[in-house]
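# Architecture at a glance
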Amino acid sequence: MVAACGGPQIPAHGGYKSDKVKPWKNAKKLNWDDKNEAKAEGELSYPDMRRAKWFMLDLPSPGELTLKLEITPPGDSVNEDFDMAMEILDPGNRVISKADSEEEDVGELAKTRTLYDLPAGKYLLHLYLQGRMDSGDFVVRATYKRSGAGTEYKSDFPQQVAF
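Residues numbered from 1 in each chain as written. Predicted model: local features only at pLDDT ≥ 70, side-chain atom pairs only at ≥ 80, totals over all residues. Heavy atoms only, no water.

### Examining the sheet that holds strand S8 (residues 121-129)
Read across the open sheet, the five strands follow the order S1-S3-S8-S5-S6; overall the sheet is mixed. Pairing within the sheet leaves two strands with one partner each, and these edge strands are strand S1 (28-29) and strand S6 (95-99). (Pairing = 2+ DSSP bridges. Helix = DSSP H or I, 4+ residues; strand = E, 2+ residues; numbered from the N terminus.)

Dropping the structure here:
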């Protein structure tokens, strides 16, 4: 018979339901509103095997992307090492910006990243928990500004259609 300790049970798994799942391939698309803003919210829980969320942002033309992450840890039982991290990946799936345990805003409940002069394309946003006991809610807000402030985006629709 094994006696249970009084401390919390640390998960032995990696935080994901399967090692074979590739969630970045099914990232949830964030849609731009008429102000070129997008918003997503949800919760992550390492113990419940919901360690990460993936989102896709499609930039229709070159521009600037700002991401603001607001984190709400669970109740008063916050682990002092709690941190929710984010990474932004370019269309080639390379990390171009991050807010994780190696950055100066580690443990902060609000994180902001602005990327300038980005080419048009599909970018991935990866939110994830760093500690095995972590869980928390998040709200992420994205703002997109086309290059050349004040310039109107003009479609070249007929010219791009193959005959």
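### A word on the pairing of strand S4 (residues 63-72)
In summary, the side chains of a regular strand alternate between the two faces of the sheet. In this structure, S4 lies alongside strand S7 (residues 110-118), joined through seven bridges in antiparallel fashion. Along S7, the bridge assignment pairs leucine 65 with leucine 115. For S4 and strand S9 (residues 135-146), the ladder comprises ten bridges, and the chain directions are antiparallel. Residue pairing for S9: isoleucine 71 is matched across the bridge by phenylalanine 138.

### Examining the pairing of strand S3 (residues 52-59)
Burial of S3 is extensive: six of the eight residues sit out of reach of the surface. As defined by bridge partners, S1 adjoins S3 across two bridges and the pair is classed as parallel. Its bridge partner lying in S3, lysine 29 is registered against methionine 56. (Buried < 20%, exposed > 50% of the residue type's maximum accessible area, 1.4 Å probe, protein only.)

### Quick notes on the nonpolar core
The biggest cluster of nonpolar side chains holds 27 residues, and the ones touching the most others in it are Phe55, Leu65, Leu67, Leu69, Leu125, Leu127 and Phe138. Those elements that place two or more of their residues in this core are strand S2 (37-45), S3, S4, strand S5 (84-89), S7, S8 and S9. In contact with leucine 125, not counting residues within four places along its chain, are Lys53, Trp54, Phe55, Leu67, Met86, Glu87, Ile88 and Val140. Judged by nonpolar contacts, the second largest core, of eight residues, contains Trp54, Ala85, Leu89 and Tyr128. (Core = buried A, V, L, I, M, F, W, Y, C linked by side-chain atoms within 4.5 Å. Contact = heavy atoms within 4.5 Å.)

### Comments concerning the environment of aspartate 137
Within the secondary structure, aspartate 137 is located in strand S9. Residue aspartate 137 is classed as partly exposed on the basis of its relative accessible area, which comes to 38%. Along the backbone, aspartate 137 and glutamate 70 are 67 residues apart, and their C-alpha atoms lie at a distance of 8.4 Å. Residues in contact with aspartate 137, not counting those within four places in the same chain, are Gly42, Glu43, Glu70, Ile71, Thr72 and Met84.

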